[in-house]
Amino acid sequence: LDWASVLQFLNPPITNEQPGEEWLLVRPLKLSDFDRGYLQILSQLTNVGNVSKANFESQFQKMRNTGGHYITVIEDTKINKIIGSASLITEFKFIHECALRGRLEDVVVNNTYRGKQLGKLIVLTVTLLSKKLGCYKMSLDCKDALIPYYKSLGYKSEPGNSNSMMNRF
Ligand code: 16G
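Remember, predicted model here, so these are calculated numbers, not experimental data.

**Overview of the side chain of arginine 101**
Here is step 1 of the chain: With respect to the element layout, arginine 101 can be found in strand 4 (residues 100-109).
Here is step 2 of the chain: Polar side-chain contacts of arginine 101 include one of 2.3 Å to the side chain of serine 139.
Here is step 3 of the chain: Look past the residues within four positions of arginine 101 in its chain and what remains in contact with it is Ile89, Thr90, Glu91, Lys93, Cys135, Tyr136, Lys137 and Ser139.

This is how it looks when you write it as structure tokens:
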């Protein structure tokens, strides 16, 4: 996977430098995004609950200190709002000769911006980033309805090895 092959997924072609409209910006999450509606975007994915600015800042600092969290957002600079996000979380492994493994998490694009390939752009961006960082694989969990979508972006269910199991607390 490289930018040339990423571009084949995007028609018309858009890039991080040119996400289709000049006022859209793809960049890493920053602390001030609390005030750009970052949590409101996440609440289109699942329950966010009550997260104060202080909670957000301390969690952000924990992620920064721990390392391995690469949260990428799309900002609409015209209205100063975050309109999409995708996270790459990396984990250190002993297996595969002390490899790095990537997880694609919390992918969401504001539903009023659908149809602009922004979800694709941001998923492909963090996927490419995982490759650049040397991850030996990148995986994700998703609802059944999104399987075709992620398939169209190069993700596959591995026969006999694609169950997502959980224990909710
Ligand atoms: C989806 C997300 C996952 C997110 C979860 C939240 C992707 C690819 N998958 O599985 O990252 O954390 O939904 O759902 O974005 P939950 O609140 O039921 O755990």
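**Points about helix 5 (residues 118-132)**
Here is step 1 of the chain: Relative to the 21 Å expected for 15 residues at 1.5 Å per residue, helix 5 spans 21 Å between its end C-alpha atoms, a close match to the ideal helical length.
Here is step 2 of the chain: Where burial is concerned, most of helix 5 is hidden: 11 out of the 15 residues are buried.
Here is step 3 of the chain: Turning to helix 5, its buried residues number three or more, namely Leu118, Gly119, Leu121, Ile122, Val123, Leu124, Thr125, Val126, Thr127, Leu128 and Ser130.
Here is step 4 of the chain: Positive backbone phi, at 95°, marks glycine 134, one or two positions downstream of helix 5.

**Focus on the sheet that holds strand 2 (residues 69-76)**
Hydrogen bonding along the main chain pairs the strands of a sheet, whether they run parallel or antiparallel.
Here is step 1 of the chain: Across the sheet, which stays open at both edges, the five strands sit in the order 1-2-3-4-5 with mixed pairing between neighbours. Two strands lie at the open edges of the sheet, namely strand 1 (24-28) and strand 5 (135-140), each paired on one side alone. Averaged over all adjacent pairs, the angle separating strand axes in this sheet is 20°, with direction ignored.

About the thresholds
Residues numbered from 1 in each chain as written. Predicted model: local features only at pLDDT ≥ 70, side-chain atom pairs only at ≥ 80, totals over all residues. Heavy atoms only, no water. Helix = DSSP H or I, 4+ residues; strand = E, 2+ residues; numbered from the N terminus. Polar contact = N/O pair within 3.5 Å; in protein donor to acceptor, adjacent residues only side chain to side chain. Contact = heavy atoms within 4.5 Å. Expected span 1.5 Å × (residues − 1). Buried < 20%, exposed > 50% of the residue type's maximum accessible area, 1.4 Å probe, protein only. Pairing = 2+ DSSP bridges. Axes fitted to C-alpha atoms, helices over the stretch in contact; angles between N-to-C directions.

The values are spatial; any link to function lies outside them.
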